[in-house]
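Letter by letter, the chains look like this.
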Amino acid sequence: MSQPTNTRGARRGPRPANARRVAFDVLRAVQVDDAYANLLLPTRIRRAGLTARDAAFATELTYGSIRMLGRYDVIIALASGRRPENIEADVLDVMRLGAHQLLAMRTPTHAAVDATVELAREVGARRATGFVNAVMRKIAARTDDEWDAQITEGRGGDALLATRWSHPVWVVSALRDALAAERSRDELAALLAADNAAPRVQLAALPGLATDEDIATATTRTVPDEDADDDAAFADATGAADVPATLVPADDEPEADGATGTVPPVRTADPVPAADALPVSPVGIRGISGDPARVPGVAAGRLRVQDEGSQLAALALSRSSAVREGERWLDMCAGPGGKAALLAAEAQQGGATLVANELVPARAGLVRNALGVFGDHVRVVEGDARRYGRDGTGMTFDRILLDAPCTGLGALRRRPEARWRKTPEDVQELAALQTELLDAAVRVLAPGGTLAYVTCSPHLAETRGQVDALMGRHGGVLEQLDTATIVRGVAARDPEIADGDTAQLWPHRVGTDAMFIALFRRVG
């Protein structure tokens, strides 16, 4: 579906400049300091004292500009006659924010242009205000569809898709290969569109802790009159029904020719209707309105903000077979603690114990906070998970979750800067680490025990390639389980995964991150 024109659909005047300044500061920190937007933005919003309406505006402006950065740079280059690297960095970021307001939000043209010029002045780029004004007016003279036709002219294949959907070419190629592995390459344009859609808030109701009232209140709660407008404003500012999930620190049918991307572009914050329907996780909750921090169950720790793909990954392990009293479980890379919390709840119900391991002390602290509601059956430890099986303890585990460090290409909706930071070289380095972690997991997997290998990436070198290599090294002691069947059995509705020994979830199909899951059992 095409984007709305620049001047139609606006129902309110321009936002206060401080919302734009928050977005600018975060965008600069992402560029200069390698900051993570999902961690920094909530802090900056609180520090600025933004209302919910302006917080939502700043959120969409920040995340949308980062997601579409590559596309906007091409447009800015054409409108300015300069290559992006020849434009001063702070001025370029100001114009990226302006381009997003003009082409993807409902900000009136005059307000977007004037506010962008004023922002340039505010951040110390007074010298460039005339240049910014001229470029913004040139961008405003065309619709997003008209710009799309110009910037993709003469391009084809992955280069066209990379420009249209604002992904690096190598990422587009990797996603194409992953879809082709399950004979679904015609879905590539839909997947890229989903990467650019603001993700909906998804909650996990922790088994044994969450009450029926918690679940009912999460989707039907009534806010006080004085808060109602602000809660509604989260949706209004972004054009979405829910708060962008990344605000909470802690997720059209294409034509047959997916190679050319001729599907009518949905390039920014439009949701994927079919994927946003009912929860796919049996403990998942969708349809949250307003700020999830105000949901009583979330405030009490019985409900957690968590993508349903992550929920299914944890539950595929815990529910792959009946839990026996006294089982020992291990989460090898537990930070920041979302999957560990769900595993802890499952372990507590089944009489099992859980060790949650994390390498980074700060992240280990997050794990302790996440597991604070649980009792003595949960223990948090710090250290390199590659030590397991070589630490002289002789300890083995009946269920092991290896949620391995990865490129994160399956969560580009939630981590907008990741697409611009990762490189093909990162894949090689991470694959080597994943191999070492898998070998460590096998060393401490008890006979008859189950190992879940999980990545938030569909890249074949991190998924099927790792599985094949693992079986090549340890096929004598491991057997692959029918992961697709297990995940279907766990899921609340059809997860729309391909048949086979692994399961690959997709955001454009069921509205989750592109989590990869593979289950193994130690024979003997």
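The structure presented is a predicted model; accordingly, all values stated were derived computationally and were not measured. (Residues numbered from 1 in each chain as written. Predicted model: local features only at pLDDT ≥ 70, side-chain atom pairs only at ≥ 80, totals over all residues. Heavy atoms only, no water.)

Engineer: I'd like a description of the pairing of strand S6 (residues 378-382), backed by residues and values.
Structural biologist: As paired strands, strand S5 (residues 353-358) and S6 are joined by five bridges and run parallel to one another. In the sheet register, Ala356 faces S6, and the bridge partner there is Val380. Handedness of the crossover joining S5 and S6 through helix H17 (residues 361-370) is recorded here as right-handed. (Pairing = 2+ DSSP bridges. Helix = DSSP H or I, 4+ residues; strand = E, 2+ residues; numbered from the N terminus. Right-handed = clockwise from strand over helix to strand, strands pointing away.)

Engineer: Explain the confidence of the model for the protein chain residue by residue, including any values.
Structural biologist: Mean pLDDT over the protein chain works out to 88, with 86% of the residues at or above the 70 mark. Contacts of residues 1-17 to residues separated by more than four positions or lying in other chains number 42 contacts, the stretch itself having pLDDT below 50. Contacts of residues 222-272 to residues separated by more than four positions or lying in other chains number 150 contacts, the stretch itself having pLDDT below 50. (pLDDT = per-residue confidence, 0-100. Contact = heavy atoms within 4.5 Å.)

Engineer: Provide a residue-level description of the sheet that holds strand S3 (residues 303-305), including the pertinent values.
Structural biologist: The strand order across the open sheet formed by three strands is S2-S1-S3, and the pairing between neighbours is antiparallel. The open sheet is flanked by strand S2 (284-285) and S3, the only strands paired with a single partner. Alignment of strand S1 (residues 203-205) against S2, held across two bridges, turns out to be antiparallel. Residue Leu203 lies in a different strand from S2, and its bridge partner there is Ile285.

Engineer: Could you give an account of the packing of aromatic side chains, naming the residues involved and the relevant values?
Structural biologist: A full pass over the atoms with the stated rule returns two aromatic pairs. With a centroid separation of 6.2 Å and 85 degrees between ring planes, the pair formed by Tyr388 and Phe397 is classed as edge-to-face. Taken individually, Tyr388 and Phe397 each receive the classification buried, so the pair is uniform in this respect. Between Tyr453 and Phe516 the ring centres are 6.4 Å apart and the planes differ by 70 degrees, which places this aromatic pair in the edge-to-face class. A residue pair is termed long-range when its members are at least 10 positions apart, and Tyr453 in strand S8 (residues 445-455) and Phe516 in strand S11 (residues 516-522) qualify at 63 residues. Using a relative accessible area of 1% as the deciding quantity, one classes Tyr453 as buried. Taking the ring centre of Phe131 as reference, the NZ or CZ of Arg82 above it sits at 4.1 Å. The aromatic ring of Tyr36 is capped on one face by Arg421, whose charged end is 5.1 Å from the ring centroid. (Phe/Tyr/Trp six-rings, centres within 6.5 Å; stacked < 30°, edge-to-face > 60°. Buried < 20%, exposed > 50% of the residue type's maximum accessible area, 1.4 Å probe, protein only. Lys NZ or Arg CZ within 6 Å of the ring centre and 35° of its normal.)

Engineer: So what's going on with the nonpolar core? Residues and values would help.
Structural biologist: Ranked by size, the top nonpolar core spans 52 residues in total, and within it Val91, Met95, Leu102, Val132, Met136 and Ile139 carry the most contacts. Within the residue set of this core, elements represented by two or more residues are helix H1 (17-33), helix H2 (37-48), helix H3 (52-67), helix H4 (69-80), helix H5 (89-104), helix H6 (109-122), helix H7 (129-140) and helix H8 (144-151). With nine residues, H5 is the largest single contributor of residues to this core. With 45 residues, the next largest nonpolar core counts Ala352, Ala356, Ala452 and Ile497 among its residues. (Core = buried A, V, L, I, M, F, W, Y, C linked by side-chain atoms within 4.5 Å.)

Engineer: Any details on the packing of H4 against H5? Residues and values, ideally.
Structural biologist: As a packed pair, H4 and H5 sit with axes 10 Å apart at the nearest point and diverge in direction by 100 degrees. Judged by the inter-axis angle, H4 sits roughly perpendicular to H5. Along the contact surface, H4 presents Leu69, Tyr72, Asp73, Ile75 and Ile76, while H5 presents Leu92, Met95, Arg96, Ala99, His100, Leu103 and Ala104. Across the contact of H4 with H5, the residue classes tally to nine nonpolar, one polar and two charged. (Axes fitted to C-alpha atoms, helices over the stretch in contact; angles between N-to-C directions. Parallel < 35°, antiparallel > 145°, perpendicular 65-115°, else oblique. Nonpolar A, V, L, I, M, F, W, Y, C, P; charged D, E, K, R; others polar.)

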